[in-house]
Amino acid sequence: MTDSIRLRIDGGLARITLNRPARLNAFDEAMAHAWQVACVEATSSDDIGAILIDAAGPAFCAGGDVVAMATAVGTGAGITELAHVIHGGIRALVESSVPVVAAAQGTTAGGGLGILLASDYAIAAADSRIGSRYAGVGLTPDLSVSAQLARAVGERRALQLVLGDRMLSADEARAWGLIAEVVDAGDVASRAEAVARSWLEGATAAFGQAKRLIRSQPTRSFADQLDEEARTIGAAFDTPDARARIAAFAQASASAASRKDPR
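Here is a short report on the structure shown in this document. (Residues numbered from 1 in each chain as written. Predicted model: local features only at pLDDT ≥ 70, side-chain atom pairs only at ≥ 80, totals over all residues. Heavy atoms only, no water.)

Tracing the chain through its elements places Ser97 in the loop between α3 (76-94) and β4 (100-104). The class of Ser97 is partly exposed, set by a relative accessible area of 33%. The spatial distance from the C-alpha of Ser97 to the C-alpha of Arg174 is 25 Å, given a sequence separation of 77 residues. (Helix = DSSP H or I, 4+ residues; strand = E, 2+ residues; numbered from the N terminus. Buried < 20%, exposed > 50% of the residue type's maximum accessible area, 1.4 Å probe, protein only.)

Have a look at this one:
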């Protein structure tokens, strides 16, 4: 782990902070490896029920550090290898049964868009700008942008972003489905933590399995997905948490029915 990625764990919440503010949290080689380590660690513990991704400084993430790519990495083969490293962290997040919330401010562009898409619930500051920007430096989408963007906003809108230089406002990004909420810049961190804490205070395991079902659906046929739904809800029904919640629900329903009974 390096200072460019910070991982803090508190009461079941893992907070991953992008921490290269002077470079708009753009990834260099050290940050790429630290990111993969942090994501794997955060998704490998049964004690973690929610993950929050945030960023230091005025921007969320500007993608890859193009200057570092040109100087320190220098070759296409090196860029491919570095992309695989960052992808390892993204896969750990997306394929896990831990829900992820992102808190974004300022600019989110290039691979930063892929980091945002790796979250399951994204909150952005009102002054945020979100876009692709790959073509401007002659590069193609990475960090899961081509894998996830069209699923989030539809193919036509995805093409608008990757075939141009358009940067969406926060309100546009919400209307397109890229983010869930727009809040004042000073409230992004607290609102994201409130969402994460709500998962921890609720049916944490059920939230995680619901996320897994939705995220993993493209890998299955319709029939196989129905089978997986049936298996998962059956397994959930037998957990102590579900049994306690079902009993409480049944008791509340019985009490409500008795109050309505005129006898």
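It is worth spelling out unusual backbone geometry at this point. In the Ramachandran plot, Asn25 falls in the positive-phi region, its phi being about 55 degrees despite a non-glycine side chain. Locating Asn25 in the fold gives a position in the loop between β2 (13-18) and α1 (29-43). Unusually for a residue other than glycine, Ser144 sits at a positive phi of about 80 degrees. With respect to the helices and strands, the residue Ser144 is situated in the loop between β7 (129-131) and α5 (145-153). Ser144 sits in the buried class, given a relative accessible area of 13%.

Burial analysis of β4 places 5 of its 5 residues in the buried class, which makes it a mostly covered element. Where strand β3 (residues 50-55) and β4 come together, 3 bridges link them in parallel fashion. What sits directly across from Ile51, in β4, is Val100. As judged from the 4 bridges shared by β4 and strand β6 (residues 121-125), these two strands associate in the parallel manner. Note on β6: the bridge partner recorded for Ala103 is Ile123. (Pairing = 2+ DSSP bridges.)

Moving on, we come to the sheet that holds strand β5 (residues 107-108). An order of β5-β7-β8 is seen for the 3 strands of this open sheet, with the pairing classed as mixed. At either margin of the open sheet sits one strand with a lone partner, and together these are β5 and β8 (167-169). Across 3 bridges, the pairing between β7 and β8 is antiparallel. Note that in β8 the partner of Arg129 across the bridge is Ser169.

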